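Report on the structure
Read off the chains here:
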Amino acid sequence: MPLLPGAEPLRHDGGDVGVLLCHGFTGCPQSMRPWARHLADRGLTVSLPLLPGHGTRWQDLAVTGWQDWYATVELELRRLRERCEQVFVCGLSMGGALALRLAALHGDAVSGVVAVNPAATLPRIQGYALPVLRHLVPSTRGVTGDIAKEGAVEVGYDRVPLHAAHSLYDLLRTVRGELPRVTRPLLLLHSRVDHVVSPSDSALILERVSSRDVTETVLERSLHVATLDHDAERIFADSYGFITRLTARKTARDGA
């Protein structure tokens, strides 16, 4: 199937600090591309993969599951570790959940996590209904495009396949159980108003992770797809500052 415009993965070979960026459910790399380019322009090695089933048509997503999505970002983490001294993982929405799972399972292989409006739950009623409903209804209306900035557009599916939504439910339940294993530095940025992921998900994540170096930022002017919204430049600048602070700290510690 041909890719949607902007759905192409992005890779940039830069220095010995790498960044893995993970897009959200039913979205594609287009929502993360300006962020990835910002980091690449500052000399970082960047990987922004296209997750399986995404970036083409929603029917392709229906035959994938969270293990496929996670396997893709885990493979990219390993590739970055082969050429980079330090690797940071970043994610939007479901991509934030994938980034947190990488940090939980790979420990010191991850130097830090940046999560933007990370997902940790599905609405309870929807979650309970999915095991049955997914066998009766193939899809429901899409969740892409929650952006306040006029003229900004997110490329993604206008339908959500319920088989994939059920798998997302399983992923988020798995990640919630693994959050105490997250010990790496964490920068969490979340919108005050979000029509896709409740801001309470960020509170849950902050409550359960074991990270000691934690920064929380509330985005006042953006909705869910904040990487394309009014606060995008702040996300880009804060994440780069987070990365440079931690890399400088490691350099100073290694030189001591």
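Residues numbered from 1 in each chain as written. Predicted model: local features only at pLDDT ≥ 70, side-chain atom pairs only at ≥ 80, totals over all residues. Heavy atoms only, no water.

As annotated in an unreviewed UniProt entry, the protein carries the name Alpha/beta hydrolase and comes from Streptomyces chitinivorans.

Within the largest apolar cluster, 44 residues are counted, with the highest numbers of intra-cluster contacts made by Phe-25 and Trp-69. Residue assignment for this core shows that the elements contributing at least two residues are strand 2 (17-22), helix 2 (58-61), helix 3 (66-83), strand 4 (86-92), helix 4 (94-106), helix 6 (162-178), strand 8 (186-191) and helix 7 (200-208). Counting residues per element, this core draws most heavily on helix 4, at eight residues. Leaving out residues up to four positions away in the same chain, Trp-69 has contacts with Phe-25, Leu-51, Pro-52, His-54, Leu-61, Thr-64, Met-94, Leu-98, Ala-164, Ser-167 and Leu-168. (Core = buried A, V, L, I, M, F, W, Y, C linked by side-chain atoms within 4.5 Å. Buried < 20%, exposed > 50% of the residue type's maximum accessible area, 1.4 Å probe, protein only. Helix = DSSP H or I, 4+ residues; strand = E, 2+ residues; numbered from the N terminus. Contact = heavy atoms within 4.5 Å.)

Looking at the secondary structure, you find His-106 in helix 4. With a relative accessible area of 22%, His-106 lands in the partly exposed category. Each C-alpha atom, one on His-106 and one on Arg-184, is 10 Å from the other, the two residues being 78 residues apart in sequence. In this structure His-106 touches Tyr-70, Glu-74, Leu-77 and Arg-78, once residues within four positions along its chain are discounted.

Enumeration over the complete set of coordinates arrives at 13 salt bridges. Here Glu-74 and Arg-78 are joined by a salt bridge, their closest N and O atoms 4.0 Å apart. Linking Glu-74 with Arg-78, this pair stays in helix 3, spanning four residues, or about one helical turn. Overall, the relative accessible area of 47% leaves Arg-78 in the partly exposed class. Its salt-bridge partner being Glu-178, residue Arg-101 comes within 2.9 Å of it at the nearest N-O pair. You can see Arg-101 sitting in helix 4 and its partner Glu-178 sitting in helix 6, a full 77 residues away along the chain. (Salt bridge = Lys/Arg side-chain N within 4 Å of Asp/Glu carboxyl O.)

A separate point is the layout of surface pockets. Here the second largest pocket defines a volume of roughly 240 Å³. Looking at the lining of the second largest pocket, the element that brings in the most residues is helix 8 (residues 232-255), giving four residues. Split into classes, the residues belonging to the lining of the second largest pocket amount to two nonpolar, five polar and eight charged. (1 Å grid on protein atoms, 1.4 Å probe; cavity = no way out; pocket = protein on both sides within 12 Å on 5 of 7 lines; lining within 4 Å. Points joined across faces, edges and corners; volume = space filled by probe spheres on them. Nonpolar A, V, L, I, M, F, W, Y, C, P; charged D, E, K, R; others polar.)

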